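Coordinate analysis (summary)
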Amino acid sequence: MTTLQSIDAYWRAANYLSVGQIYLLDNPLLTEPLRPEHIKPRLLGHWGTTPGLNFCFAHLNRIIAERDQEMIYIAGPGHGGPAAVAHAWLEGSYSETYPEVSQDAAGMRTLFRQFSFPGGIPSHVAPETPGSIHEGGELGYSLAHAFGAAFDNPRLVVACVVGDGEAETGPLAASWHSNKLLDPDRDGVVLPILHLNGYKIANPTVLARIPESELLDLMEGYGYRPHIVGPSHEEMARTLDEVFDQIAAYKDGRAARLPMIILRTPKGWTGPREVDGLPVEGTWRAHQVPLSGVRDNPGHLAMLEEWMQGFAQLGMLALAIGITMIAGEFDLSVAGTYALGSMLAVHTGQTSPVMGVLAAVAAGAGVGAMQGGLIARLRIPSMPVTLATYIALLGLTYAMSGGLSKTYANGDVTLWVDQTIAGVFSPRSLLTLVAFLIAAIVLGFTKLGRELRAIGGDRRASRVAGVGVDRRIVEIFTMSGTLAALGGALLGYSYASANPDPGLQPLILSVVAALLGGVSLAGGRGGPLGLLAGTLSVALIAQLVAVTALPDFTTQLLYAVLLATIVAIESPGLHQTMERLRTRRTRATRHLPGEPR
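What comes next is a walk through the structure. (Residues numbered from 1 in each chain as written. Predicted model: local features only at pLDDT ≥ 70, side-chain atom pairs only at ≥ 80, totals over all residues. Heavy atoms only, no water.)

1. Re the packing of aromatic side chains
Rules: When two rings of Phe, Tyr or Trp (its six-membered ring) have centres within 6.5 Å they constitute a pair, described as stacked for plane angles under 30 degrees, edge-to-face for angles over 60, and tilted for the intermediate range. In this scheme, a residue with accessible area under 20% of its type's maximum is buried, one over 50% is exposed, and one in between is partly exposed, where area comes from a 1.4 Å probe on protein chains only. A run of DSSP states H or I qualifies as a helix once it reaches four residues; a run of E qualifies as a strand once it reaches two. Both are numbered from the N-terminal end.
All told, the structure shown has seven aromatic pairs when counted by the stated rule. Seen from their ring centres, Tyr94 and Tyr98 are 4.9 Å apart, and the 45° between their planes marks the pair as tilted. Residue classification places Tyr94 among the buried positions, given a relative accessible area of 2%. Measuring from ring centre to ring centre gives 5.8 Å for Trp176 and Tyr224, while their planes differ by 80°; the resulting arrangement is edge-to-face. Of the two residues, Trp176 sits in the loop between α7 (170–175) and β3 (189–196) while Tyr224 sits in strand β6 (residues 224–229), which places them 48 residues apart along the sequence. Given the relative accessible area of 2%, Trp176 is considered buried. Linked through ring pairs, Trp11, Phe55 and Trp269 together constitute an aromatic cluster.

2. Regarding empty space enclosed by the protein
The test is simple: A pocket, in this scheme, is an open set of points on a 1 Å grid over the protein atoms alone with protein on both sides within 12 Å along at least 5 of 7 lines, while a cavity is a set where a 1.4 Å probe fits but cannot get out; residues line either one if an atom lies within 4 Å of a point. Grid points are joined across faces, edges and corners, and a volume is the space filled by probe spheres set on the points. Asp, Glu, Lys and Arg are counted as charged, while Ala, Val, Leu, Ile, Met, Phe, Trp, Tyr, Cys and Pro are counted as nonpolar; the rest, among them Gly, fall into the polar class.
Counting across every chain of the model gives one cavity of 30 Å³ or more. Of the volumes computed, that of the largest cavity is approximately 30 Å³. Together, Val85, Tyr94, Ile121, Pro122, His124, Ala126, Glu128 and Thr129 line the largest cavity. Looking at the lining of the largest cavity residue by residue, the class counts come to five nonpolar, two polar and one charged.

3. Here's the deal with the sheet that holds β6
To keep things clear, this is the line we draw: Only when DSSP finds a minimum of two bridges between them are two strands counted as paired. Lines fitted to the C-alpha atoms define the axes, with helices restricted to the stretch that makes contact. Angles between their N-to-C directions range from 0 to 180 degrees. Residue contacts are defined here by distance: any two heavy atoms, one from each residue, within 4.5 Å place the two residues in contact.
The sheet built from five strands is open, its strands ordered β1-β2-β3-β7-β6 with parallel pairing. At either end of the open sheet lies a strand with only one pairing partner, and these are β1 (70–75) and β6. Strand-to-strand twist in this sheet, taken as the mean axis angle between neighbours without regard to direction, amounts to 20°. Pairing analysis gives four bridges linking β3 to strand β7 (residues 258–264), with the strands arranged parallel. Across the sheet, residue Leu194 finds its bridge partner in β7, namely Ile262. In this fold helix α10 (residues 233–251) packs onto β1, β2 (156–163), β3, β6 and β7, with an angle of close to 170° to the strand it touches most, β6.

Bear in mind that shape data such as this cannot, by itself, settle questions of function.
Here is the structure:
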């Protein structure tokens, strides 16, 4: 996974933990369908500010790691207690302080049950939270505490999030001027992050409503260099790099002003957009508990489960093509192998579904081994070989079926493949998850995985190092063919029919999933868990597209644009261009009054 993908995954995990603290008594990992008894009888917590706090936590962690920066974090919107607790549990300090709240399913259950519950912990950032120096229940003192921590602590940076409701209090309004008391040599630095989500409890806020130019003038008048950031990982990461470069310049005496950040995100970001016909995300209704009638309202319970699950299944096709991409190859034949596996399973598995699956898997492995042998032994590029194989396999499936769909008459197998397990899974989806898990173990903890990444990174160097490159290429294409055929077989049983031509859409979605999952077009980077995350994301996009009932040509255009965008983002040329533009922008940044040129 890329750095930004890791940040996003951390942020989503923290959001999940935050929601769980507000709502759940039991079933912390949603291993079974949510039932009313899993929900706390009295819901108390503040969701509205929490996603923004988690967003800041996640991005500041990168700065700490990359720059070896001494930093503390003060959450001014202190009623966002779920965020501070989630972060402390994720990075381990909570379990160190409270061993009974361990970093496993049992510990997560305890973490959720104790939040805002009799005998547990408060709903805000309280002294019980490891590392807390700021009581969140009283708004207005965050900046004062931040500057107090920075005085006489020259290496420290205090990142202080100021809520837009808190910003309207008298103590906070006066605290902006504390920057005039800092000494670059003797003291540390305070980085204010003004978090504007538009509302204080149920009323609009002043700083979120005034014109942006007026807000910038206000912050410049306080003596800061303001930076505006929207709800974007890329924008936040880029801005933080600029901000900490400016902090370094201030500490070195090359700048007279310290930076600050104005972060705009929707209130209740990522939560339910609408409940009972009323907008929630981005409104005052998201301030505390966006879904209030969860125990008594089955619709609200279903919405909560859908929100927290966020999972879907695309199939084994993405895993099949992704593992070849990690090795620096590209298997275009997976769509054809997928169709062949489906056709063989349906054709030979009428009475014995196991035999149908075995026939499909054997054929897929054979196709993959044949391709891998040609590519490895004859040094032929993989794209023309696999494209030719794809065309040949489509011809074969047409010959087997006469150009028509082949029906599978074993209704018991069809019902079994898609039967619900624990209200969420099916045998088909569980087999897919098992395949990802096995691939993660093989590629992450075995010699095969290390050598495949080495081959994808530098094939010539791998040969010099004694890696059996040709053998590994054959093995990876054999695995790819096996997975694609198995996925096709399960799909044929699920649909009770086999289509001789699945079209290019499964192939396109698989490539998009692989790239979203952190697999590099150049090879040498990526892994099954990232592939799984990319697959789930693409499956969700596909479901949303299906719900909107877009015309076929619009759908195809949408997927093409998505693929082209991801490929463009991956290209080294774009990265170089963006770096040049960033350098020019930095040079052209206007100098504020009182700052040396």
